[in-house]
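Topology and contacts: notes
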Amino acid sequence: MENVVGDRVLIAVQAVNISRLSTHPVPTVPGTLIVVAGAGPKDSNGAGKSSFIASITALLGDEQWRFASGAKAVAELLFNAELASGAGARQWASADHGYIVGVFAPPGLDDPLLPAAEADAESDAAPEAGEGVAEEGGELFDVPDTSRGALTVWLRVNQEAPHLEIRWRPGVHLAAAPSEAERVARADETWASLPRSAGRRDVVARDLTRVLYGDRVRCVSFLSTSVRSKVATNLLSQPLNEISPERVFEAIAALTGLDAELEQEREARRDEHAKRVRAAEAADRLAEFESESKALLATFDRRDEARVRLAEALRCWRGRQARKLADAAGRDELLAAELERHGAAGEAAAEAVTVVKAEIATLKDDTLDRQVAQARKELAALQARAARLDADRAVAENSADELRGMIPGLEEARRFSDGRDVPTAERELREAGLRLNQALKALGVADQEVASAQAALDDAEGGPAAAQLDALAAAGVGATGLLDALDVAEQARDAAGLGTLRGWPHEHAVIVDAGRLDDAARALAALPGSVLVSAAGVSVVGAFDGVATGREARIKAAEQRLNRARDVQESAAQAVRDEEEAVAQAQRRLEGARAGVRLAELEEKLAGRRARLAELNDAVAEVAPKVAEAERQAAALDFRARTRDMEIERLEGRRQRHEAERAQAREQEAKVAAEREALKLDALAADWGGTVETAREWMRALPEEERPRTADEWWRLGERHLDQALRDTFPEDDAEIPEELRFLLTERGGSTAREQATFSAVCGSLASYLRGQEEYERHQRRQIEAQVVSRQRDLAAAARGAEEAAQSTAVHRAALTAAIKARLTRVAEEFDRLDTSYGGYGATLEFPLPPAPADPEQRWQWRVTPKWRRGEGQGFVPYNRRANTALMDEKAVKLVCAAAIASSGGGHLCLVLDELGRNLGKEHRREAVALFRRIGETYGITVIGALQDDMEPYAIDACGQYVKLRRSSDAMPYNEPPVIVGHDHHAERVRALAAYVDRSPAPAAP
């Protein structure tokens, strides 16, 4: 990832734990002059102006910080409690890390800080929303506007390595909080929330310019000694004509980045000189050592020859093993081919078995069986359906017969209806019933009258006052017959004469209570002539219909009443019989009418049964051919099933033949495999120590004359080399041979088989002995060879390094010369363009090519002589000629701006100057500062200058933005909030950020 910032320009800076600087964000107006003033305890000193502009140069990748070496000097910008306040060292702690935060935006983009501030100024609700965001996420705005192209870059400055760590995120992400301490804490939280810029780690100092700015120069500066260890010449710190041409070049080189390249050229010359010295020393050491070690190396040659012989013997033994393995492999390949043929035959038989099995499986597929079962099932279903239809037809026929048998009886019963329908017959029956009920009621009344007349007759015939007593009893009045109450003495009976007591009034007289006399009179009102006897006297009720003349008259009256009642009773009984006959007639007519309705229903049912019977006959006729077809299909499928079974039996026979062929092929495979096993190819390969292919490759790599050798020929040749190696190792008969080797030499004699069996052991024992002897020899030889090789390598490396250093120095000097000339030419062109654009007549630079210095420690010193015309058409005059102060100040400003423009490479540049205008005369300061602003706005250069108190009145009126850092007391370790003033349209940006900084914290949620 390179050039993350791209064409964006710096629009805001925030410092956290950087020197005494306040943590308040400071907006910057790109493409104009920004002056940084100070208000310390006594004067402008101590307010942190140099630290502020130095932090901006670090953020913009000024190469004078030496980022390639880790930029350790940036850590000196961190807050130091001892330097910040003498007494504060006991109260405040020095910062072990801090942050330099920059907000970048595209040059043509509207101010991204403005919408938030305007929203805060327009309503009271908006600040609360913005403050909520600032409290939680440290955002400057309610929602980060990443779509507008803003980018926030965070530089974490550490006391310990890595001294710089870089992270970034699209949008505006500053540490926002109500107080300094909270902003410091919020800065750590915001840093932790940012994504790591290089995957699992952060980008560090050495990659800052490449990653952020794509190796483009974004900043050039003149800084004071308070924050920089090396200070370039400041062309504005003293009159220009008092600066030597060498120092003028150094100032331009610092602005354009050439000083680093000059330092690299001096380092190259130093390296070239050191390498030439090392080459001469290496040649002397090598000659001296070679003369001393030549005699010692000759003593090791004889045993080296024995080792060569032994190695050749082992090579021949390995050739024997390779040949045996290759021959066995060839035979194995033939057997493998035969095995493959048998395997192919077996596979063919197996495939045939598989095919036959597949055919058998296909034939044994239950599809046909399912078809047979389905056909049989369908046949059974059709037969069952035909049976059901026959049964239904029989049921329908029986039902029709039953209905036809019921019709005659219903027709006979229908004749009694006399043509009446059911409602009419029912109405006539109801009317006859009503008349019968009336007749029955009349008969009842007549029966009651007969009973009453019979009772009256019985009373008349049975005793006196019977009717009166009954009437009184019915009314609830207690009474007793007068005659019944008299008790005549025995001696007076004859004298009294009972006959005289009979008749009226004694016979109809009753005795009642005097209190119930009225009730008794009302109860006997229907019996005139009744006599009531009480304590109040005798009372007669009503009058007689006729004169009661005695018992006979009363009996006769009762008999007449009874006769009349019986005549009425007989008439009523005859009427009841007549009505009962009428009811019976009406009942027969109703039953006849209902029989007619039932007959109609039976005829309708009979018609339905006949229709159903016709349908069943049609269905039986329809299903009969289907049953016949199903029987035919079932028979055909049965025939196919029997044919399939016969085909399966034939295929089973073929399968058995193929399986026999497969078994025979497997038997042949087993025989060939046993023969291959007898070759013991794995054992031969293990003896060889590799595969057959490696053995063949080893043999193919042999010379042409060695390839045809057989295994025996390799063996005999190896045996001769072994004997020669033994003689070279032990040339004398009384040599001290190791016991193991002596035993093996004794055992191997007698037969070729024993010699071959012990060959490897003898070679191993001899090799072990030689290795044991070789340790000292190898050590000595290694020491000698290592010394020789090392000295030769040192000599070659030193010579090559000296040559390469000379060539590199020459190439670098040539390239640097071209680069310096091109850069100074570009500065001269820009110097001329600025001079002619702002009131001059043209200017240029003179820079002759200086010779390279002989001393490697001496810097390659160039000389630059600024020249300009003092009038139209005049020649160029060197800068060190006598001239007025205003002209010198003007040319110095133009030269500095020309160098800055030339170093920008066409991109946006920031020119940072410390002690701005310190040397300018009072009468020319305002013009010089205004020139800085005009040049910056014309060429898109942001000029940031720190100035002293005496320059402040002139700079305020001429600059595009004014920033004043404040610290009122030495006891205060940190600055107060800065004062920021933006002129023209830039004032809105400053007010926006000020509104954001001054916001109070949002109230806590309930």
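Residues numbered from 1 in each chain as written. Predicted model: local features only at pLDDT ≥ 70, side-chain atom pairs only at ≥ 80, totals over all residues. Heavy atoms only, no water.

**Here's the deal with the pattern of salt bridges**
- In this structure the tally under the stated criterion is 32 salt bridges.
- The salt bridge involving R594 is made with E426; its shortest N-O contact spans 3.3 Å. Taken together, the residues span a long stretch of sequence, with R594 in helix α16 (residues 551-679) and E426 in helix α11 (residues 422-462) at a distance of 168 residues.
- A residue is classified by how much of its surface remains accessible, and E426, at 26% relative accessible area, is partly exposed.
- Note that R833 and E830 form a salt bridge whose closest N and O atoms lie 2.8 Å from each other. Here the residue R833 and the residue E830 both occupy positions in helix α21 (residues 752-837), the gap between them amounting to three residues, near one helical turn.
- You can call E830 buried: its relative accessible area is 6%.
- It is possible to trace a salt-bridge network through shared partners that takes in E2, R206, D207 and R210. (Salt bridge = Lys/Arg side-chain N within 4 Å of Asp/Glu carboxyl O. Helix = DSSP H or I, 4+ residues; strand = E, 2+ residues; numbered from the N terminus. Buried < 20%, exposed > 50% of the residue type's maximum accessible area, 1.4 Å probe, protein only.)

**Things to note about the packing of helix α9 (residues 301-363) against helix α17 (residues 681-688)**
- Two elements in contact, α9 and α17, have axes whose closest approach is 9 Å; the angle formed by their N-to-C orientations is 155 degrees. As far as their axial angle goes, α17 and α9 are roughly antiparallel. Viewed along their axes, α9 and α17 form a crossing whose handedness is left-handed. In this structure, α9 uses R318, Q321, A322, K324, L325, A328, A329 and D332 to contact α17, whose residues at the interface are L681, L684, A685, D687 and W688.
- Partitioning the contact of α9 with α17 into residue classes produces eight nonpolar, one polar and four charged. (Axes fitted to C-alpha atoms, helices over the stretch in contact; angles between N-to-C directions. Parallel < 35°, antiparallel > 145°, perpendicular 65-115°, else oblique. Left-handed = near helix turned anticlockwise from the far one by under 90°. Contact = heavy atoms within 4.5 Å. Nonpolar A, V, L, I, M, F, W, Y, C, P; charged D, E, K, R; others polar.)

**A word on the confidence of the model for the protein**
- Model confidence for the protein is summarised by a mean pLDDT of 76, while 83% of its residues fall at 70 or above.
- The least confident element of the protein is helix α4 (residues 125-137), whose mean pLDDT is 32; the most confident is strand β5 (residues 151-158), at 94.
- Low pLDDT (under 50) marks residues 545-549, which in the prediction has zero contacts with non-local residues, meaning those over four places away or in another chain.
- Contacts of residues 996-1006 to residues separated by more than four positions or lying in other chains number 22 contacts, the stretch itself having pLDDT below 50. (pLDDT = per-residue confidence, 0-100.)

**Some words on unusual backbone geometry**
- Put simply, A161 and P162 share a cis peptide bond, and its omega is -5 degrees.
- Residue placement: P162 occurs in the loop between β5 and β6 (164-170).
- Located in the positive-phi region is S19, a residue other than glycine, with phi close to 50 degrees.
- A residue is classified by how much of its surface remains accessible, and S19, at 13% relative accessible area, is buried.
- Positive phi values are uncommon outside glycine, yet A71 reaches one of about 55 degrees.
- With respect to the secondary-structure elements, A71 resides in the loop between α1 (49-59) and α2 (81-84).
- Classification of A71 as buried rests on a relative accessible area of 1%.

**Regarding the nonpolar core**
- The biggest cluster of nonpolar side chains holds 61 residues, and the ones touching the most others in it are I252, L845, L911 and F932.
- Considering each element in turn, this core owes the most residues, 12 residues, to helix α22 (residues 885-904).
- Sequence-distant contacts of L911, defined by excluding residues within four places in its chain, comprise V220, L255, V896, A900, F932, I941, T942, V943 and I944.
- Counting residues in hydrophobic clusters, the runner-up holds 48 residues, among them F52, I56, A58 and F67. (Core = buried A, V, L, I, M, F, W, Y, C linked by side-chain atoms within 4.5 Å.)

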